[in-house]
Amino acid sequence: MQSVERALDLLEILAEVGGDAGLSELSERSGLPLPTIHRLMRTLVARGYARRLPSRRYALGARMIRLGESAGRQLGAGARRHLARVARELGETANLAMLDGEMAVYVAQAASSHSMRMFTEVGRRVHLHSTGVGKALLSELPAAAVRDIVARAGLAPATDRTLTDLDALLAAAAEARERGYAVDDGEQEIGVRCFAVVVPGAPVPTALSVSGPAARVSFEFGDRAVPVLHEVAQDIGAELAGD
């Protein structure tokens, strides 16, 4: 059991660093001795879950793609009925996203019935600082983890409203944590507004959002939407946790 936990820790570290890592970095982050890491990584490489690069550093292997795609499909299928409720009650597009290294990945969506609506491709990865789901996910992380993500991913502007200052992003994450929801006010796409909440109890940091044209998705709309999002997020979290 201990070897399984340690191997999973190493895979999660490789995902968190967003690329590759050497034995010394894996040792520093995991607290494991180098011989143990070398033995575990050799097994993971042999099974295809990790790759040893020409630089002698390690990266995630191709077999992780198959597992991730399968897990994403199953999770999306299970969450779709909950998202459909959000779309039905609020009339706008609902999305579910999970933390994926230094970004968020959309895993499920239920579209609005309006002809002019938001569409986000399932599987798309987006930056955390410029999206509602991203800022909701950041609100659950300690400031040091947010700084680490920004150091790796940067704060590139998607629009002229995108937060590109670390202190402003930390303040936005703190505000989202205090009030219980995050807002993307034209920060990812001009003219689009999004309200997002954290899914409590999810095994991986997860956020639920509703988005649409700012003309329809007003802040008054948000007053009505946030309680619905929290209620549905509770249901999704319980389902993901197996309660």
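Please read all numbers here as calculations on a predicted model, not as lab measurements.

**Some remarks on the side chain of His-82**
Then step 1. If you trace the backbone, His-82 turns up in helix H4 (residues 63-90).
Then step 2. Judged by relative accessible area, His-82 falls into the buried class, the value being 9%.
Then step 3. The residues contacting His-82, other than those within four sequence positions of it, are Val-232, Asp-235, Ile-236 and Glu-239.

**Concerning the pattern of salt bridges**
Opposite charge on two side chains permits them to pair, given that their charged atoms come into close proximity.
Then step 1. In total, this model carries 14 salt bridges according to the counting rule given.
Then step 2. Across the pair Glu-25 and Arg-57 runs a salt bridge whose closest N-O atoms are separated by 3.5 Å. Of the two residues, Glu-25 sits in helix H2 (residues 23-30) while Arg-57 sits in the loop between strand E2 (50-52) and strand E3 (58-60), which places them 32 residues apart along the sequence.
Then step 3. With relative accessibility at 24%, the residue Glu-25 sits in the partly exposed group.

**Overview of the sheet that holds strand E5 (residues 103-110)**
The strands making up a sheet are joined through hydrogen bonds of the backbone, oriented either antiparallel or parallel.
Then step 1. Reading across from one edge, E6-E5-E4-E9-E8-E7 is the order of the six strands in this open sheet, with antiparallel pairing throughout. Bordering the open sheet on either side are strand E6 (125-127) and strand E7 (182-185), each of which pairs with just one other strand. Averaged over all adjacent pairs, the angle separating strand axes in this sheet is 30°, with direction ignored.
Then step 2. Summarising the sheet, strand E8 (residues 192-198) and strand E9 (residues 206-213) pair through seven bridges and their orientation is antiparallel.

Thresholds applied
- Residues numbered from 1 in each chain as written.
- Predicted model: local features only at pLDDT ≥ 70, side-chain atom pairs only at ≥ 80, totals over all residues.
- Heavy atoms only, no water.
- Helix = DSSP H or I, 4+ residues; strand = E, 2+ residues; numbered from the N terminus.
- Buried < 20%, exposed > 50% of the residue type's maximum accessible area, 1.4 Å probe, protein only.
- Contact = heavy atoms within 4.5 Å.
- Salt bridge = Lys/Arg side-chain N within 4 Å of Asp/Glu carboxyl O.
- Pairing = 2+ DSSP bridges.
- Axes fitted to C-alpha atoms, helices over the stretch in contact; angles between N-to-C directions.

Geometric values such as these leave the question of function open.
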